[in-house]
Amino acid sequence: MPVAELAFAPGIDAYEPSHRGEPILEVRNLAVAVDDGLAVENVDLSLEAGRTHCLVGESGCGKSLTCLALMGLLPPGARGVSGNLRMKGRSGAIPEKGPPEGLAMIYQDATASLDPLMTVGRQIVEALPADVPRRARRAEAEDLIAQVGIPHARARFESYPHELSGGMNQRIAIAIALAARPSVLLADEPTTALDVTVQARILDLMLEFQQSTGLAILFVTHDLGVVAQIAHDVSVMYCGEIVESGPVTDLFAAPRHPYSRGLVECLPRLSRQTERLESIAGIVPPLQARPTGCRFASRCTRADDLCSTQRPCLERRGNTGAVACFNPL
Ligand SMILES: Nc1ncnc2c1ncn2[C@@H]1O[C@H](COP(=O)(O)OP(=O)(O)O)[C@@H](O)[C@H]1O
Ligand code: SF4
Ligand SMILES: [Mg+2]
């Protein structure tokens with residue numbers, strides 16, 4: 001990837017709506033239990049129509065489990081979910097089976113999420129709302145194939161996933177998610193496996209769709225460069241918890257949590273003349289070996305005695321954003 005000044009990409013202002021509305025989806029106290037303990041804990045999220053909220057963090061921090069839990073699709077090995085969800089004015093416990101109406105997801109491994117025995121066109125048709133008349137369903141699916149930028153939509157309708165490239169299958173997965181006409185889209189690393197040009201086209205496509213429909217997007221990624229291009233709001237996840245959240249401009253200009261700062265410093269920038277990229281020393285501790293105090297303590301240069309015995313809670317700091325740290329920046 002070319003080294004670029006990514007932190008304040010021009011796209012951010014272009015996608016900024018004129019006012020902030022009521023959240024379309026609110027999650028409170030989400031927790032997901034697996035055999036070894038709570039893989040996700042105390043997660044609060046708020047998504048608004050027409051805005052993109054990025055969920056960032058290293059591998060193993062609980063991003064995918066968070067999305068799967070919201071979809072009511074816990075993977076084998078997950079034991080249960082708790083928390084509350086309010087969507088379009090309706091609130092209740094997070095459903096354990098199946099997604100709430102209006103919620104769709106693009107899965108982390110799109111090709112694996114497709115049915116290998118069914119044509120991609122049929123898979124899109126199956127995702128269309130039940131009230132689309134039978135005779136219109138094929139035409140609508142072909143339209144979606146064209147909209148996601150796949151040429152020869154009529155012929156492609158009959159293709160099976162193994163006949164398409166990874167990038168095309170990713171587009172089909174997006175078409176399937178959009179076919180359901182969701183008001184909230186959970187996109188779990190939808191571009192991670194793709195080369196940069198395909199990635200850029202897919203991001204454009206999602207943002208165009210967002211602008212025309214007011215879709216709220218929760219976009220999961222570990223790539224802060226992508227965050228800089230598309231996010232309005234960001235939540236940083238570490239060891240199953242949100243450690244910082246707020247507007248994207250604040251996160252890049254003045255991260256408050258040492259982990260967020262580490263992630264931001266990993267971004268290549270033209271203005272920084274260093275020989276090598278900064279990185280965060282150490283690894284995410286596995287679930288069985290999480291420390292009792294702050295979970296970031298073993299990697300944190302600001303840790304003190306309190307950090308090794310107490311866990312900080314996410315607290316509001318100033319007018320915008322929140323941070324979980326005893327010694328924030
Ligand atoms: N199916 C599963 N069964 C048991 N534990 C799981 C399962 N999926 C994830 N986990 C646990 O939850 C943690 C977070 O996983 P995941 O949500 O996939 O992280 P991320 O998407 O941030 O990389 C993992 O490190 C693992 O300990
Ligand atoms: S609470 Fe302590 S260990 Fe945790 S991030 Fe803040 S300073 Fe570092
Ligand atoms: Mg994941």
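(A) Highlighting the sheet that holds strand E5 (residues 90-93). Read from one edge to the other, the open sheet built from 4 strands follows the order E2-E1-E4-E5, with strand pairing classed as antiparallel. Each edge of the sheet is formed by a strand with only one pairing partner; in this case those strands are strand E2 (37-48) and E5. Each adjacent strand pair in this sheet contributes to an overall mean axis angle of 15°, direction not counted. Strand direction decides the pairing type here: strand E1 (residues 23-34) and E2, joined by 8 bridges, are antiparallel. Opposite valine 27, over in E2, you have leucine 45 as the bridge partner.

(B) Geometry of the environment of leucine 186. Along the chain, leucine 186 falls in strand E7 (residues 184-188). Separated by 34 residues in the primary sequence, leucine 186 and valine 220 place their C-alpha atoms 7.7 Å from one another. Apart from the residues within four sequence positions on either side, leucine 186 is in contact with Cys67, Leu70, Met71, Leu103, Met105 and Leu218.

(C) Fine view of the sheet that holds strand E9 (residues 233-238). Spatially, 8 strands are ordered E6-E7-E8-E3-E9-E10-E12-E11 in an open sheet, and the strand pairing comes out mixed. Across the chains shown, the open sheet's two edge strands, defined by having one partner strand only, are strand E6 (103-106) and strand E11 (315-316). One ladder, built from 2 bridges, connects strand E10 (residues 241-247) with strand E12 (residues 322-323); its direction is antiparallel. By the bridge assignment, glutamate 244 is partnered in E12 with valine 323.

(D) Highlighting the site of ligand 2. Residues in contact with ligand 2 amount to 13 residues; listed here are only the nearest, Cys294, Cys300, Ala303, Cys307 and Cys325. Within the shell around ligand 2, the residues separate by chemical class into 10 nonpolar, 2 polar and 1 charged.

(E) Highlighting the site of ligand 1. Taken together, 15 residues lie around ligand 1, and Ala39, Lys63, Ser64, Leu65 and Gly77 are the ones closest in. With 3 residues, helix H2 (residues 63-70) is the largest single contributor of residues to the shell around ligand 1. Here the shell around ligand 1 is composed, by residue class, of 8 nonpolar, 6 polar and 1 charged.

(F) Representation of the environment of proline 291 in the model. With respect to the element layout, proline 291 can be found in the loop between helix H11 (258-265) and helix H12 (305-309). Among the residues examined, proline 291 registers 15 C-beta atoms within 10 Å and is labelled partly exposed. Along the backbone, proline 291 and cysteine 307 are 16 residues apart, and their C-alpha atoms lie at a distance of 9.9 Å. With near-sequence residues (within four places) excluded, proline 291 lies in contact with Pro285, Ala297 and Ser298.

(G) Structural detail: the packing of helix H4 (residues 120-127) against helix H5 (residues 134-147). It is the contact of H4 with H5, at a shortest axis distance of 9 Å, that shows an interaxial angle of 110°. Here H4 lies roughly perpendicular to H5, going by the angle between them. Taken as a pair, H4 and H5 cross one another with a handedness that is right-handed. Between H4 and H5, the contacting residues are Gly121, Ile124 and Val125 on the first element and Arg137, Arg138, Ala141, Leu144 and Ile145 on the second.

So, how was this worked out
- Residues numbered from 1 in each chain as written.
- Chains lettered and ligands numbered in written order.
- Predicted model: local features only at pLDDT ≥ 70, side-chain atom pairs only at ≥ 80, totals over all residues.
- Pairing = 2+ DSSP bridges.
- Helix = DSSP H or I, 4+ residues; strand = E, 2+ residues; numbered from the N terminus.
- Axes fitted to C-alpha atoms, helices over the stretch in contact; angles between N-to-C directions.
- Contact = placed C-beta atoms within 7 Å.
- Near = placed C-beta within 6 Å.
- Nonpolar A, V, L, I, M, F, W, Y, C, P; charged D, E, K, R; others polar.
- Buried ≥ 20, exposed ≤ 12 C-beta atoms within 10 Å, placed from the backbone.
- Parallel < 35°, antiparallel > 145°, perpendicular 65-115°, else oblique.
- Left-handed = near helix turned anticlockwise from the far one by under 90°.

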